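So you can see what is in the structure, the chains are spelled out below.
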Amino acid sequence: MRKKTHKILVGNIQIGGGNPVIIQSMTNTDTADINATAEQILELSEAGSEIVRITVDCPESATAVPKIIDIVRRKSSVPIVGDFHFNGHVLLEKFPEMAQVLDKYRINPGNVGRGKGRDENFERILTIAKKYSKPIRIGVNGGSLNQELLDLKMDENQKAGSLRSDGEIFEEVMVESVVSSANFAVKFGIQEDKIILSAKVSEPRSLIRIHQELSQKTEFPIHLGLTEAGGGIPGIVSSTAALSVLLHEGIGDTIRVSITPGISESRTKEVEVAREILQSLELRSFTPKITSCPGCGRTTGNDFQKFSETIASEIKLQMPFWKKKYSGAENLKIAVMGCIVNGPGEARNADIGIFFPGKGEGELATVFVDGKQAGVLSGKNLPERFLRMVEEYLMNNK
Ligand code: SF4
């Protein structure tokens, strides 16, 4: 059961209030490079990012924003969010054209100043958000948490002789900081349906605890992300582990997977992972689900492995076309199995399934459609022939 949150509108995308969990990502181009940034926004949007955030950190990037959005809007309506730290109050005031065209401001109340200046600068950002009626994300990060508040809480804890650990105090301050900033914004006149919260840390179990607490305390939509998750498999697994627990508990209205891309890796990888997380938890459907066994001593040839690899990559390639041609193509369930142990059962449970005989495999496989045996494929070109059957299935069931 999803936790109840306010519904807010970012550009043309609805967040919270029972809407599907939305996928976000962030560019890593220099925002001052107009063409590169516009191109990457389009790439991320094409890959499935439903909101894209860009860094706005200096006058050059602020000046570039309207031009970037102008290019993007020729092809896509994906909402574009400005990411502000330290000088957001100054840039938003100095560059009104930029403030007007962005669909949302991401602000970090922990790093807009110190002491009294923090509130004043935060108010300056809220004034602009109010003026242009823009939604804001109040995003607290473990790495830029309000240090004064943290020190104060640590001192209080020590003086009280409490046995609470520094980690517990830190998590409490994360929650308190984001909730108090949101309350401050509401008191200042920002409508409740214009606020999203985030409280990102880089440790999965801490992220889970913080959000379990945060979701009890507010009804603002929550943007989930394990920040600085790392790269490669560890980054993907840490993000998946943390986000899955929360999403399964109904917490989280939008997500971002913050993985460090490899030098030759596309930025869109993070979108791909986010989609897989939501699809595997059955929260969203983007592409047919392929049930495929890992193979074992019964698949000693590599025909099954090659076959399942080809099917997965071909389906990925075909999906953009299939989605347009066959409604509900993304809900299709396919099984690709290595032998007769679990093959017939899984093939029967899928919309369309295929299994090899095992041991040496070869060019022979049995196909099931809607739970009934539909034939045996033998000879060359098994992947092409099976894919034709998949498309026929979609054609007959659209
Ligand atoms: S279905 Fe057959 S080949 Fe695949 S893992 Fe199970 S026993 Fe092994």
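An account of the accompanying structure is given in this report.

Conventions adopted
- Residues numbered from 1 in each chain as written.
- Predicted model: local features only at pLDDT ≥ 70, side-chain atom pairs only at ≥ 80, totals over all residues.
- Near = placed C-beta within 6 Å.
- Nonpolar A, V, L, I, M, F, W, Y, C, P; charged D, E, K, R; others polar.
- Pairing = 2+ DSSP bridges.
- Helix = DSSP H or I, 4+ residues; strand = E, 2+ residues; numbered from the N terminus.
- Contact = placed C-beta atoms within 7 Å.
- Axes fitted to C-alpha atoms, helices over the stretch in contact; angles between N-to-C directions.
- Buried ≥ 20, exposed ≤ 12 C-beta atoms within 10 Å, placed from the backbone.
- Right-handed = clockwise from strand over helix to strand, strands pointing away.
- Parallel < 35°, antiparallel > 145°, perpendicular 65-115°, else oblique.
- Left-handed = near helix turned anticlockwise from the far one by under 90°.

The subject of this paragraph is the site of the ligand. In the vicinity of the ligand there are 13 residues, among which C293, C296, G338, C339 and V341 approach most closely. Looking at the shell around the ligand, its residues break down into 6 nonpolar, 6 polar and 1 charged.

Moving on: the sheet that holds strand 7 (residues 136-141). Taken in spatial order, the 8 strands of this open sheet run 8-7-6-5-4-3-10-9, and their pairing is parallel. For this open sheet the edge positions go to strand 8 (195-200) and strand 9 (223-224), each flanked by a neighbour on one side alone. In this structure, strand 6 (residues 104-107) lies alongside strand 7, joined through 3 bridges in parallel fashion. Counterpart to R106 in the pairing with strand 7 is R137. Helix 7 (residues 166-188) contacts strand 7 and strand 8 of the sheet and is inclined by roughly 155 degrees relative to strand 7.

This next bit is on the pairing of strand 3 (residues 22-26). Judged by how many residues are buried, strand 3 sits mostly within the fold: 5 of 5 residues are covered. Here strand 3 shows two buried faces, one formed by I22, Q24 and M26 and the other by I23 and S25. With 2 bridges joining them, strand 3 and strand 10 (residues 254-255) adopt parallel strand pairing. Bridge pairing in strand 10 links I23 to I255. Here strand 3 pairs with strand 4 (residues 51-55) via 3 bridges, running parallel. Residue pairing across strands places M26 opposite R53, the latter belonging to strand 4. Where the polypeptide runs from strand 3 across helix 1 (residues 34-47) and back to strand 4, its parallel neighbour, the crossover connection is right-handed.

Let us look at the packing of helix 7 against helix 8 (residues 204-217). Two elements in contact, helix 7 and helix 8, have axes whose closest approach is 10 Å; the angle formed by their N-to-C orientations is 40 degrees. The angle between the axes of helix 7 and helix 8 places the two elements in the oblique class. Of the two elements, helix 7 crosses helix 8, and the hand of that crossing is right-handed. Where helix 7 abuts helix 8, its residues E171, M174, V175, V178 and V179 lie against S206, R209, I210, E213, L214 and K217. In terms of residue class, the contact of helix 7 with helix 8 is made up of 6 nonpolar, 1 polar and 4 charged.

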